[in-house]
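Chain and residue survey
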Amino acid sequence: MADNLSDTGMAYRSTRAAATSGANPPGKLWQPVWSGEVIHAYDEYNIFEPLVTAKTIPSGRVMEFPITGTIGLEAAWDAGEELMNGNNSKATTFQVTLDKRPMAAHFDLDNVDLMVTQWEYRAELARQAGQTLANARDKQIGAYLVRAGAEVQRSDGDASGDDDPRPSMSLDNALYGDTDFANLGNTGVSASKRIEAALKVLQAIEDFAVHLQTNNMPTGGCYCAVTPQAFMDIRSLGVARASDISQVYNSQPMFGGVAQSGGLGAPYTQSLGALQDSLEYMGCKIIKTNHIPNTDSPTIGESRYSLLFATAGIKAMIWQDTAVAALRLQGLKVDTVDDVRRNTTFTVASMMSGTGVLRPECAAVISSVAHASRAALDTALGSNMVAEYGGANV
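Note that the structure is predicted; figures quoted are calculated from it, not measured.

**Points about the sheet that holds strand β14 (residues 363-367)**
Strands sit in the order β5-β14-β9-β6-β8-β7 across an open sheet of six strands; the sheet is mixed. The open sheet has two free edges, formed respectively by β5 (176-177) and β7 (278-281), since each of these has just one partner strand. Pairing geometry for β7 and strand β8 (residues 284-288), over four bridges, is antiparallel. Paired with S278 across the two strands is I287, which belongs to β8. Lying over the sheet, helix α5 (residues 191-214) contacts β5, β6 (222-226), β7, β8, β9 (314-320) and β14, oriented at roughly 30° with respect to β9.

The structure is reproduced here in structure tokens:
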């Protein structure tokens, strides 16, 4: 009898069809469960999204954020004096929008019934789909962290009222370019050159903290992203790399958890080998990622993500979590279709997301090119680097 067939048999789907309602098509009862498993995997593998201003919207395509610094002040408010100060006291907003098209992870299934009957099979595909989407999203947010580090204060002088009313914040000072950064995490150079570059990253973190404090900006939630090799070079600062004492930059490991050296890092009995592991330096969390935007014109979505990162010499980013907004439409859409010609079931998991610059003063880039200003960095990033801060590109 048909009821005695194995659940993994090809006849299983046709047997179940008669007992399945139209609202839940046969062979697709696994989709809502699998969708949740993909979202769980996405959240687990995503690096950058929790480290910026991440928002989820239930519907629509746009979310508005207030422009910083639009609160006016009258130090001595006289009787009968009207509080009017033009655009400087006009609280307005700019928009962050979802991308026009969703991102999608897709694959073919030889037997879709395995998604129902074998949790291990379904879980592995959920892990791969979630990781694929998370990797793409990381690259997009990483691109926008670079964009934020190249933006200047809004001052187009038009009637929109979206200019930054604050005094100059000297954003060109929050730009860390040095040819020595070409050696950051570069295994093709000597250890001493990598050490020099790693020390300069720590100096950039110090300078960025001063920049935030000087401009009365929040210093909590500060991050620095480097490659895994650069991360290990930073962690091993102070470890002897040669018998020559002149090559030892510190008598004790800086990030070995040694109390006499500031208690930074963790004992070297711990590997810190997971991508989620981090170091802490002067309130800034140093993280590692394989998604530093360091190639030219990567294909990671719309053209605004595709900049000339290698030409600009991007090596690392430093930011505070209010620098960039990451927008996501609630939920994940899963679609399947039986492909008779290929004798497979084609499966797609898609999601809508978007990114925008909120506070360019809270981001900086570390570059192997000594750009003279943020405007010069903007030019080096190519024609797709169109200013978006303040809604200029909405």
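**Examining the nonpolar core**
I286 and W319 are the most contacted members of the largest nonpolar core, which totals 68 residues. The greatest single-element share of this core, amounting to nine residues, is contributed by α5. Listed in part, the 19 residues of the second largest apolar core include Y42, A105, V112 and L133.

**Section: the packing of aromatic side chains**
Scanning all chains against the criterion turns up five aromatic pairs. Relative to W319, the ring of F48 has its centre 5.7 Å away and its plane inclined at 75°; by these criteria the two rings are edge-to-face. Taken together, the residues span a long stretch of sequence, with F48 in the loop between α2 (31-45) and β1 (53-57) and W319 in strand β9 at a distance of 271 residues. For the pair shown, F48 and W319 are each scored as buried. Chaining the aromatic ring pairs together yields one cluster made of F48, Y223 and W319. Looking at R147, its charged tip hangs above the ring of Y144, at a distance of 5.1 Å from the centre.

**Here we look at unusual backbone geometry**
When glycine is set aside, most residues are seen to have a negative phi, and most peptide bonds are trans. Of note, the phi angle at S297 is positive, near 50°, even though the residue is not glycine. Mapped onto the fold, S297 is located in the loop between β8 and α7 (309-312). The exposure class of S297 is partly exposed, given its relative accessible area of 40%. Unusually for a residue other than glycine, N343 sits at a positive phi of about 55°. Checked against the element boundaries, N343 lands in the loop between β11 (333-339) and β12 (344-351).

**A few points about the state of the cysteines**
Should the sulfur atoms of two cysteines be covalently bonded, the bond is a disulfide. A complete count under the given rule lists zero disulfides for this structure. Not engaged in a disulfide, the cysteine C224 finds its nearest cysteine sulfur in C284; these two sulfurs lie 5.4 Å apart.

**Considerations on the layout of surface pockets**
Considering only enclosed or pocket space, the second largest pocket measures out at about 240 Å³ in volume. Taken together, 17 residues form the lining of the second largest pocket, with M103, A136, Q140, I300 and G301 sitting closest to its centre. Elements with a minimum of two residues in the lining of the second largest pocket: β4 (103-109) and α4 (119-150). Sort the elements by how many residues they give to the lining of the second largest pocket and α4 lands first, with six residues. When the residues that make up the lining of the second largest pocket are grouped by side-chain class, the tally is seven nonpolar, six polar and four charged.

**A look at the sheet that holds β1**
Adjacent strands of a sheet pair through backbone hydrogen bonds, lying either parallel or antiparallel. Pairing is mixed across the open sheet formed by three strands, whose spatial order is β1-β10-β13. Looking at which strands have only one partner, the edges of the open sheet turn out to be β1 and β13 (353-357). When strand polarity is set aside, the average angle formed by the axes of neighbouring strands in this sheet is 20°. Taken together, the five bridges between strand β10 (residues 324-329) and β13 define a ladder with antiparallel strand orientation. Bridging across to β13, L327 finds its partner in G354.

**Quick look at α5**
Its 24 residues give α5 an end-to-end C-alpha distance of 35 Å, which sits within 8% of 34 Å, the value for a rise of 1.5 Å per residue. All of the buried residues in α5 are R194, I195, A197, A198, K200, V201, L202, A204, I205, F208, H211 and L212. Count one or two residues on from α5 and you reach N216, which has phi positive near 55°.

**Description of the packing of α5 against helix α6 (residues 228-235)**
Across the interface, α5 lies against α6 with an axial gap of 9 Å and an inter-helix angle of 85°. Put simply, α5 runs roughly perpendicular to α6. On the side of α5, the interface is formed by R194, A198, V201 and L202, while α6 contributes Q229, D233 and I234.

**Considerations on the pattern of salt bridges**
Following the criterion strictly, the structure yields 13 salt bridges and no others. R194 is the salt-bridge partner of D233, the closest N and O atoms lying 2.9 Å from each other. One end of the pair, D233, is in helix α6; the other, R194, is in helix α5, with 39 residues separating them in the sequence. Take D233 and R194: they sit in the same class, and that class is buried. For R359, the salt bridge goes to E361, with nearest N and O atoms at 3.2 Å. The two residues R359 and E361 agree in class, both being buried. Shared partners join several salt bridges into a network, and the residues in it are D43, E49, R137 and R328.

Here is what the cut-offs are and how they apply
Residues numbered from 1 in each chain as written. Predicted model: local features only at pLDDT ≥ 70, side-chain atom pairs only at ≥ 80, totals over all residues. Heavy atoms only, no water. Pairing = 2+ DSSP bridges. Helix = DSSP H or I, 4+ residues; strand = E, 2+ residues; numbered from the N terminus. Contact = heavy atoms within 4.5 Å. Axes fitted to C-alpha atoms, helices over the stretch in contact; angles between N-to-C directions. Core = buried A, V, L, I, M, F, W, Y, C linked by side-chain atoms within 4.5 Å. Buried < 20%, exposed > 50% of the residue type's maximum accessible area, 1.4 Å probe, protein only. Phe/Tyr/Trp six-rings, centres within 6.5 Å; stacked < 30°, edge-to-face > 60°. Lys NZ or Arg CZ within 6 Å of the ring centre and 35° of its normal. Disulfide = S-S within 2.5 Å. 1 Å grid on protein atoms, 1.4 Å probe; cavity = no way out; pocket = protein on both sides within 12 Å on 5 of 7 lines; lining within 4 Å. Points joined across faces, edges and corners; volume = space filled by probe spheres on them. Nonpolar A, V, L, I, M, F, W, Y, C, P; charged D, E, K, R; others polar. Expected span 1.5 Å × (residues − 1). Parallel < 35°, antiparallel > 145°, perpendicular 65-115°, else oblique. Salt bridge = Lys/Arg side-chain N within 4 Å of Asp/Glu carboxyl O.

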